[in-house]
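# Understanding the architecture of this molecule
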Amino acid sequence: MNDLLIILTASFVAISCSLLGCFLVLRKMTMVADAISHAVLPGIVIAFLLSGSRDSMVMLAGAAAFGILTTFLIELFHLKGGLQSDASIGVTFTWLFALGVILISVFAGQVDLDQDCVLYGEIAYVPIDLWITKSGTIMGPRALWISAIVMVIIIAFILLAYKELYLTTFDPAFAAAIGISTTLWHYLLMSMVSLVSVASFESVGAILVVALIVTPPATAYLLTRELKKMLILSVIIGVITSVGGFYLAYALDGSIAGAMATVGGILFGLAFLFSPTDGYISRFRRKTNKAAMINALQE
């Protein structure tokens, strides 16, 4: 039963991350997720210092606020400061993450937090972190409920805003011309990324969140160029990554999050080599056949 709870939690997180990751991959903004997952650390510490509580919702609110702040600063440095996107991301998340580390070190006696624990989590602890109501009713793992609710929110967001997300991703000039605010939808998408990141890192860890946001969509991108198919494929790949990673970790008696990220990398490698359209082997064969045809015509 515990195994099933871990797999379900990871799968719910994978679905949310994969769906959003498709749009990040297409917009060439995948590393924003990495920035957000690190930059939320000061938000967690400040939320604890202000509230004096380790309640998940309080810390989630603090982390979400800094996640949105991270997105705003990245855009500010890129558009107003003239920095390239990757430089804006690097500057923003490194100094915010460093600020969080300083806050923890300065208030170490007051803050019962550890940056490694906050950032990297441990999905194996999901079954023992239970949601218990005031009446004493055990509802099940808290992370499972949170990941399921976030997944529903993300699916609803994409279904309701598919047209706007599609247009602002592929043709922002046309979207602006017909009255769709590209800035608004950019921040809405980044807000969803912040929500997924901060809601998931405590249970599955920030590194796995980033891996699930990037790897399944990147793998799906090698297999198709249609957005709807890419969304479906990335979800399937994300779930396979979660299930396969769990059993790989079980077989090796190793890190579950690490094994899941490894399986995702293996699936990407297979797509990179064997994709019928964009795989390295397919492209090599087409190049070889083209060269052979040119040589034959010249003869």
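On a predicted model such as this, the values are computed, not experimentally measured, just so you know.

The subject of this paragraph is the overall build of the protein. On a plain count of helices and strands, the protein comes out with 14 helices and two strands. Of all 299 residues assigned to the protein, the portion counted as buried reaches 45%. Partitioning the intrachain contacts of the protein with sequence separation of at least 6 by distance along the chain shows that 67% fall at a separation of at least 24. A total accessible area of about 15,100 Å² is found for the protein, and carbon and sulfur atoms account for 68% of it.

Let us look at the packing of aromatic side chains. Applying the stated criterion across every chain, the model contains four aromatic pairs. Ring geometry for Y166 versus F170: centroids 4.8 Å apart, planes at 45°, classification tilted. With a gap of four residues between them, Y166 and F170 both fall in helix α8 (residues 162-170), about one helical turn apart. Here a set of aromatic residues connected by ring pairs shows up, and it is made of Y162, Y166 and F170. Lying over the aromatic face of Y221, R225 brings its terminal NZ or CZ to 3.9 Å of the ring centre.

Over its 22 residues, helix α5 (residues 85-106) extends 32 Å from the first C-alpha to the last, a length consistent with the 32 Å expected when each residue adds 1.5 Å. Restricting attention to buried positions, one finds in α5 the residues S88, I89, T92, F93, L96, G100, L103 and I104. End-on view of α5: buried residues confined to an arc of 115°, all on one side of the axis. For α5, the exposed residues set more than 90 degrees away from the buried face come down to D86, S105 and V106.

Evaluated as defined, the whole model comprises one salt bridge. Among the ionic pairs, K229 bridges to E226, the shortest N-O distance being 3.5 Å. For K229, a relative accessible area of 45% gives the class partly exposed. Classification of E226 as partly exposed rests on a relative accessible area of 45%.

With that settled, the discussion passes to the side chain of E164. Considering the arrangement of structural elements, one finds E164 in helix α8. If near-sequence neighbours (up to four positions away) are discounted, E164 is found in contact with I180 and W185.

Here we take up the confidence of the model for the protein. On average, the protein scores 82 in pLDDT, and the residues at 70 or more come to 89%. Helix α6 (residues 115-120) is the least confidently modelled element of the protein, averaging 54 in pLDDT, while helix α12 (residues 227-252) averages 93, the highest of any element.

For the rest of this paragraph, the subject is a nonpolar patch on the surface. Taken together, the side chains of I266, F268, L270, F272, L273, F274 and Y280 make up a nonpolar region of the molecular surface, amounting to roughly 650 Å² of accessible area. In terms of residue count, the dominant contributor to the nonpolar patch is helix α13 (residues 256-274) (six residues). Inspection of the secondary structure assignment puts F268 in helix α13. With relative accessibility at 31%, the residue F268 sits in the partly exposed group.

What follows deals with the packing of helix α11 (residues 206-223) against α13. One can describe the packing of α11 onto α13 by two numbers: an axis separation of 9 Å at closest approach and a directional angle of 15°. Taken as axis vectors, α11 and α13 run roughly parallel relative to one another. Read as a crossing pair, α11 and α13 show a hand that is left-handed. On the side of α11, the interface is formed by L208, A211, T215, A218, T219, L222 and L223, while α13 contributes A257, M260, A261, G264, G265, L267, F268, A271 and F272.

Once that is clear, we can look at the nonpolar core. L24, I123, I154, F157, L165 and L189 are the most contacted members of the largest nonpolar core, which has 73 residues in total. Of the residues forming this core, the biggest block, 15 residues, is contributed by helix α1 (residues 2-26).

Time to look at the packing of α1 against α12. In contact at an axis separation of 8 Å, α1 and α12 are set at 145° when each is read in the N-to-C sense. The hand of the α1/α12 crossing is right-handed. A breakdown of the residues in the contact of α1 with α12 according to their chemical character gives 18 nonpolar, five polar and one charged.

For the rest of this paragraph, the subject is the side chain of T215. The topology assignment puts T215 in helix α11. Dropping the residues within four chain positions of it, T215 is found in contact with G264, G265 and F268.

Attention now moves to unusual backbone geometry. One non-glycine residue, K28, lies in positive phi territory at about 60°. Mapped onto the secondary structure, K28 falls in the loop between α1 and α2 (31-39). Despite not being glycine, D253 shows a phi value in the positive range, around 55°. Locating D253 in the fold gives a position in the loop between α12 and α13. Judged by relative accessible area, which is 73%, D253 ranks as exposed.

Rules used in this analysis
- Residues numbered from 1 in each chain as written.
- Predicted model: local features only at pLDDT ≥ 70, side-chain atom pairs only at ≥ 80, totals over all residues.
- Heavy atoms only, no water.
- Helix = DSSP H or I, 4+ residues; strand = E, 2+ residues; numbered from the N terminus.
- Buried < 20%, exposed > 50% of the residue type's maximum accessible area, 1.4 Å probe, protein only.
- Contact = heavy atoms within 4.5 Å.
- Areas by Shrake-Rupley, 256 points an atom, 1.4 Å probe, with all protein chains shown as cover.
- Phe/Tyr/Trp six-rings, centres within 6.5 Å; stacked < 30°, edge-to-face > 60°.
- Lys NZ or Arg CZ within 6 Å of the ring centre and 35° of its normal.
- Expected span 1.5 Å × (residues − 1).
- Arc of directions from axis to C-beta.
- Salt bridge = Lys/Arg side-chain N within 4 Å of Asp/Glu carboxyl O.
- pLDDT = per-residue confidence, 0-100.
- Patch = residues over 30% accessible without salt bridge, like charges linked within 9 Å, V, L, I, M, F, W, Y side chains within 5 Å.
- Axes fitted to C-alpha atoms, helices over the stretch in contact; angles between N-to-C directions.
- Parallel < 35°, antiparallel > 145°, perpendicular 65-115°, else oblique.
- Left-handed = near helix turned anticlockwise from the far one by under 90°.
- Core = buried A, V, L, I, M, F, W, Y, C linked by side-chain atoms within 4.5 Å.
- Nonpolar A, V, L, I, M, F, W, Y, C, P; charged D, E, K, R; others polar.

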